[in-house]
Amino acid sequence: EARYRDALKIFREAVEGRDDLGVTDAPAFEGLARAHVYLGRIDLAETAYRRSVDLDPDYASGHFNLAASHSQQGRFDAAITALAEVQRIEGNTDRVVGSMVENAGSAHRVELAREYGAIWMAAHPKDAAMLTLLGNVEGVNGNLNRARSFFERALAIAPGHGEAQTNLDTTLKLLSGQ
């Protein structure tokens, strides 16, 4: 913890009290935010991440970490908005697409999760973990037959995938009315 407090001090000294902050100072606010994250202060981290992207609207890492802070606080729609900024800058990189699926699923935005899931699966057709995540999204939203299909596809790729098997078993019980 002392290391992170030292980091906070260094990053604060780099930015506090200055009236000449610019694009090149955005990483200092991200560093400040990361120190807050390690100290468990997500609200303060969010504020610092926001400052980093206010200084540099094209700072992809700042937007991505802002999205992560929103997600940690259960604010999935805000995370999706921040991820859209990362996508504007980077395009459909794996970190954008994967995070969009996770956050859209958590926000119960099934169509958006499906859209980004399709993008992911086109690039990674043998990804059993993503198929399981997509099955979870469908299952949580009551689409049990679609969930079943995703879990079965995941198990065809990775027969020992424990989460996919457990979730398939649960889905089959729900479908049979047990």
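A brief report on the enclosed structure follows.

Cut-offs and rules
Residues numbered from 1 in each chain as written. Predicted model: local features only at pLDDT ≥ 70, side-chain atom pairs only at ≥ 80, totals over all residues. Heavy atoms only, no water. Helix = DSSP H or I, 4+ residues; strand = E, 2+ residues; numbered from the N terminus. Salt bridge = Lys/Arg side-chain N within 4 Å of Asp/Glu carboxyl O. Buried < 20%, exposed > 50% of the residue type's maximum accessible area, 1.4 Å probe, protein only. Expected span 1.5 Å × (residues − 1). Arc of directions from axis to C-beta. Contact = heavy atoms within 4.5 Å.

## So, the environment of Leu32
- Along the chain, Leu32 falls in helix α2 (residues 26–38).
- Each C-alpha atom, one on Leu32 and one on Leu44, is 9.0 Å from the other, the two residues being twelve residues apart in sequence.

## Here's the deal with the environment of Arg51
- Along the polypeptide, Arg51 turns up in helix α3 (residues 42–55).
- Between the C-alpha atoms of Arg51 and Phe29, which are 22 residues apart in sequence, the distance is 6.5 Å.

## Here we look at the pattern of salt bridges
- Applying the stated rule across the entire model yields ten salt bridges.
- Across the salt bridge formed by Glu111 and Arg114, the nearest N and O atoms sit 2.6 Å from each other. Note that Glu111 and Arg114 are positioned in helix α7 (residues 110–123) at a spacing of three residues, about one turn of the helix.
- For Arg114, a relative accessible area of 22% puts it in the partly exposed group.
- Close ionic contact of Glu138 with Arg146 constitutes a salt bridge, the shortest N to O distance being 3.4 Å.
- Exposure remark for Glu138: the relative accessible area of 1% places this residue in the buried category.
- You can call Arg146 partly exposed: its relative accessible area is 40%.
- Residues joined by salt bridges that share partners form a network here, namely Glu111, Arg114, Glu138 and Arg146.

## Considering unusual backbone geometry
- Although it is not a glycine, His108 sits at a positive phi angle of roughly 60°.
- With relative accessibility at 47%, the residue His108 sits in the partly exposed group.

## Things to note about helix α5 (residues 76–90)
- For α5, which comprises 15 residues, the first-to-last C-alpha distance of 20 Å matches the rise-based estimate of 21 Å (1.5 Å per residue) to within 8%.
- Within α5 the residues assigned to the buried category are Ala79, Ile80, Ala82, Leu83 and Val86. The arc that holds every buried residue of α5, seen down its axis, measures 165°, which confines them to one face.
- Where the residues of α5 are buried, they touch α4 (60–72), α6 (94–106) and α7.
- Two residues or fewer past α5, Gly91 is found with a positive phi of approximately 85°.

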